[in-house]
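Summary of structural features
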Amino acid sequence: MNKKDQHLKRVIVDFKKLTPEILAMLVDKYPDGYDDDHIITFRNAKNEVVDAVEVTTEDTKYLVKVSTKLAVTMENYDEDDYEDFDNDDPDAVQDPTGAADEDTDDFD
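Report on the accompanying structure.

About the thresholds
- Residues numbered from 1 in each chain as written.
- Predicted model: local features only at pLDDT ≥ 70, side-chain atom pairs only at ≥ 80, totals over all residues.
- Heavy atoms only, no water.
- Pairing = 2+ DSSP bridges.
- Helix = DSSP H or I, 4+ residues; strand = E, 2+ residues; numbered from the N terminus.
- Core = buried A, V, L, I, M, F, W, Y, C linked by side-chain atoms within 4.5 Å.
- Buried < 20%, exposed > 50% of the residue type's maximum accessible area, 1.4 Å probe, protein only.
- Contact = heavy atoms within 4.5 Å.

A word on the pairing of strand β3 (residues 49-56). Within a regular beta strand, the side chains point alternately toward one face of the sheet and then the other, so they alternate between its two faces. Pairing geometry for strand β2 (residues 40-43) and β3, over four bridges, is antiparallel. The residue bridging Ile 40 from the neighbouring strand is Ala 52, located in β3. Here β2 folds back onto β3 in antiparallel fashion, the turn holding five residues, of which Asn 47 has a positive phi close to 65°. Relative to strand β4 (residues 60-65), β3 runs antiparallel, the two being bridged by five bridges. Across the sheet, residue Ala 52 finds its bridge partner in β4, namely Lys 65. Count of turn residues in the β3/β4 antiparallel hairpin: three residues.

In structure tokens, the structure reads:
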């Protein structure tokens, strides 16, 4: 972490906790989606390996866990879908229908 980011609060965000505000920041930062060069890999407090993409506000660095659901939701993002919700409402961002999460063990 570079010195200018040391004062920032770091928050790990799972898809279930994704808010319209964070989703909008992700789409703004990665308008064509994210790729391997954008993904940060680290170990969380449980020593599990986590892949995430980063967005930063004035006081917080959000590390949003990478998943198929996140990619699909970013691809289909429409600001109007969230106009009836508060920016910090994690219930506003709905699970995309039919998207399998990368975290599931669905091997054939």
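Membership of the largest hydrophobic core comes to 20 residues, with the highest contact counts inside it found for Leu 18, Ile 22, Leu 26, Val 53, Val 64, Leu 70 and Met 74. Put simply, the parts of the chain that give this core at least two residues each are α1 (20-29), β3, β4 and α2 (68-75). In this view, Met 74 contacts Leu 23, Leu 26, Val 27, Tyr 30 and Tyr 34; residues no more than four positions away in its chain are not counted.

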